[in-house]
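# An overview of the molecular structure
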Amino acid sequence: MNAFQILGILLSGCFALLIVLGVFRRRIRPLPGAAWTSLWVAAGVAIARPQLTVVVAQALGIQRGADLIFYVAILAMFVGFFLTYVRLRRLDEGLTAVVRRLAVAEARHRIEETAQHEPRPGDRAAPAD
Amino acid sequence: MADPATPETRASTVIVIPAYNEGATIGDVVEEVRRDWPRVVVVDDGSTDGTAAAARAAGAEVVSHAVNRGQGAALQTGLDFGLRAGARYLVTFDADGQHVSEELGRLVEPVATGRCDVALGSRFLEAESEIPAVRRLLLKGAVLFTRAVSGLRVTDTHNGLRAMSRAAAERIDLRADRMAHASEILDQIAEHGLRYAEVPVHVRYTRHSRAKGQRTLDAFRVLLDYLLTRVFR
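First, a word on what this report is: a plain description of the structure on this page.

About the cut-offs
Residues numbered from 1 in each chain as written. Chains lettered and ligands numbered in written order. Predicted model: local features only at pLDDT ≥ 70, side-chain atom pairs only at ≥ 80, totals over all residues. Axes fitted to C-alpha atoms, helices over the stretch in contact; angles between N-to-C directions. Helix = DSSP H or I, 4+ residues; strand = E, 2+ residues; numbered from the N terminus. Parallel < 35°, antiparallel > 145°, perpendicular 65-115°, else oblique. Left-handed = near helix turned anticlockwise from the far one by under 90°. Contact = placed C-beta atoms within 7 Å. Nonpolar A, V, L, I, M, F, W, Y, C, P; charged D, E, K, R; others polar. Core = buried A, V, L, I, M, F, W, Y, C linked by C-beta atoms within 7 Å. Buried ≥ 20, exposed ≤ 12 C-beta atoms within 10 Å, placed from the backbone. Pairing = 2+ DSSP bridges. Right-handed = clockwise from strand over helix to strand, strands pointing away.

## Quick notes on the packing of helix α4 (residues 65-117) of chain A against helix α4 (residues 71-84) of chain B
Where α4(A) meets α4(B), the closest approach of the two axes is 10 Å, and the angle between their N-to-C directions is 40°. Relative to α4(B), the element α4(A) is oriented oblique. The handedness of the crossing between α4(A) and α4(B) comes out as right-handed. Where α4(A) abuts α4(B), its residues A:Thr96, A:Arg100, A:Ala103, A:Val104, A:Ala107 and A:Arg108 lie against B:Ala73, B:Gln76, B:Thr77, B:Asp80, B:Phe81 and B:Arg84. Along the lines of polarity and charge, the residues of the contact of α4(A) with α4(B) split into five nonpolar, three polar and four charged.

## Looking at the packing of helix α1 (residues 3-24) of chain A against helix α2 (residues 30-48) of chain A
Residue and element names in this part refer to chain A. Axis separation between α1 and α2 bottoms out at 9 Å; the angle between their running directions is 165°. In terms of orientation, α1 and α2 fall into the roughly antiparallel class. For the pair α1 and α2, the crossing hand works out as left-handed. Here Gln5, Gly8, Ile9, Ser12, Gly13, Phe15, Ala16, Ile19, Val20, Gly22 and Val23 of α1 lie close against α2, whose contacting residues are Pro30, Gly33, Trp36, Thr37, Trp40, Val41, Ala43, Gly44, Ile47 and Ala48. Its residues assigned to classes, the contact of α1 with α2 shows 13 nonpolar, eight polar and no charged.

## Points about the nonpolar core
Grouped together as the largest cluster of nonpolar side chains are 65 residues, with contacts concentrated most on B:Ile15, B:Val16, B:Val41, B:Val42 and B:Val91. Contact partners of B:Val41, with chain neighbours within four places excluded, come to B:Val14, B:Ile15, B:Val16, B:Ala60, B:Glu61, B:Val63, B:Gly78, B:Phe81 and B:Gly82.

## Brief notes about the interface of chain B and chain A
Counting from both sides, the interface comprises 16 residues of chain B and, opposite them, eleven residues of chain A. Counting only elements with at least two residues in the side of chain B that touches chain A, the list comes to β3 (61-65) and α4 of chain B. Element by element, the count of residues in the side of chain B that touches chain A is highest for α4(B), at six residues.

## Some remarks on the sheet that holds strand β5 (residues 118-122) of chain B
Residues and elements named next belong to chain B. Reading across from one edge, β3-β2-β1-β4-β6-β5-β7 is the order of the seven strands in this open sheet, with mixed pairing throughout. For this open sheet the edge positions go to β3 and β7 (196-200), each flanked by a neighbour on one side alone. The sheet shows a mean angle of 20° between the axes of neighbouring strands, taken without regard to direction. Against the sheet, helix α2 (residues 26-34) contacts β1 (13-19) and β2 (40-45), and its axis sits at roughly 160° relative to β2.

## Comments concerning the pairing of β3(B)
The two faces of the sheet receive side chains in turn, since in a regular strand these alternate between them. Residue and element names in this part refer to chain B. Burial analysis of β3 places five of its five residues in the buried class, the great majority of the element. Burial along β3 is two-sided: Glu61, Val63 and His65 and Val62 and Ser64, pointing in opposite directions, are all buried. Pairing of β2 with β3, which is carried by five bridges, proceeds in the parallel orientation. Directly across from Val41, in β3, lies its bridge partner Glu61. Handedness of the crossover is the feature at issue here: the chain leaves β2, passes through helix α3 (residues 51-57), returns alongside β3, and the resulting connection is right-handed.

## Quick word on unusual backbone geometry
A positive phi is found at A:Arg26, a non-glycine position, where the angle reads about 60°. The residue A:Arg26 is located in the loop between α1 and α2 in this model. Unusually for a residue other than glycine, B:Asn21 sits at a positive phi of about 50°. As for its placement among the helices and strands, B:Asn21 is situated in the loop between β1 and α2. A count of 17 C-beta atoms within 10 Å places B:Asn21 in the partly exposed class.

## Focus on the pairing of β2(B)
All names here are of chain B. With six of its six residues buried, β2 lies for the most part within the structure. The two faces of β2 match: Val40, Val42 and Asp44 on one face and Val41, Val43 and Asp45 on the other face are all buried. Bridging between β1 and β2 involves five bridges; their strand directions are parallel. Each residue of the ladder has a partner; that of Ala19, found in β2, is Asp44. Note that the unit made of β1, α2 and β2 has a crossover that is right-handed.

See the structure below:
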């Protein structure tokens, strides 16, 4: 086992452990937590036993393990982009809702204030100094 | 032709004008509209050029977005505000001076008399506006697209002049913050089964309205925005 493998396994193990801890402390939901833990464990296994990726690749009809990792990385990247976009859209919608609520509330407040300061029928004018 | 809107209709109609950096024209637009329609709400969409002050000075009620959120978002804010202000009829009107306020009575009349829930202004009916050739082509393309997607047989899909009843405005909920709202309104009219009618109107193509209007390439952005809005609705 070379230095890269040792470092890679250690890092993958640390990330997997952090996610498991996050799930137990209820900071990460169980389903995404399980998905991320599986991902880091798979990365650790692939680094420790590269020949396993060849076995999986050939089972899927791909010749080389490196190609399998490349395809999976591309796919993961697109899924990541999509999830980020969905999140961004939700944030955008939330921002619009906040801006709208604030704008309408401010306008109504201004109207009510103006109405309060307007003289009502029957009000006497203030005596001149 | 005599204006068909009664004084009661005028008093219970809120004209919603979304505006972004329209300080140069908004005062004139508001004054023109307020000659016959007293209740004008300008939604200042985060302008930095004094649009809100100019609109207020001209007599409009101003609702201000703290940051720019787009014309669709501003329209929905205006509709929300108008509904809370007790409007019976709501009209959307562009801020760049391209609409003719004298045509408002004709637009509101079919809604006020209950003949339809939403009246849509169309520049392609009897009143022919001087439309630049490229824009005419794009607008025709948008009409075909809308007919295919929403099934509405309209002749002008991107006209900012519309009138709707209170009940219709309560059902319309614009999610497209930017320019795709024009198609989204038509979608929602179809989805909620609202009765609609087209009313011939003129569009004034001034140097200012052309400069503020959509560029030809923006059509593709609007299309993409519209498709994404449909996917994520």
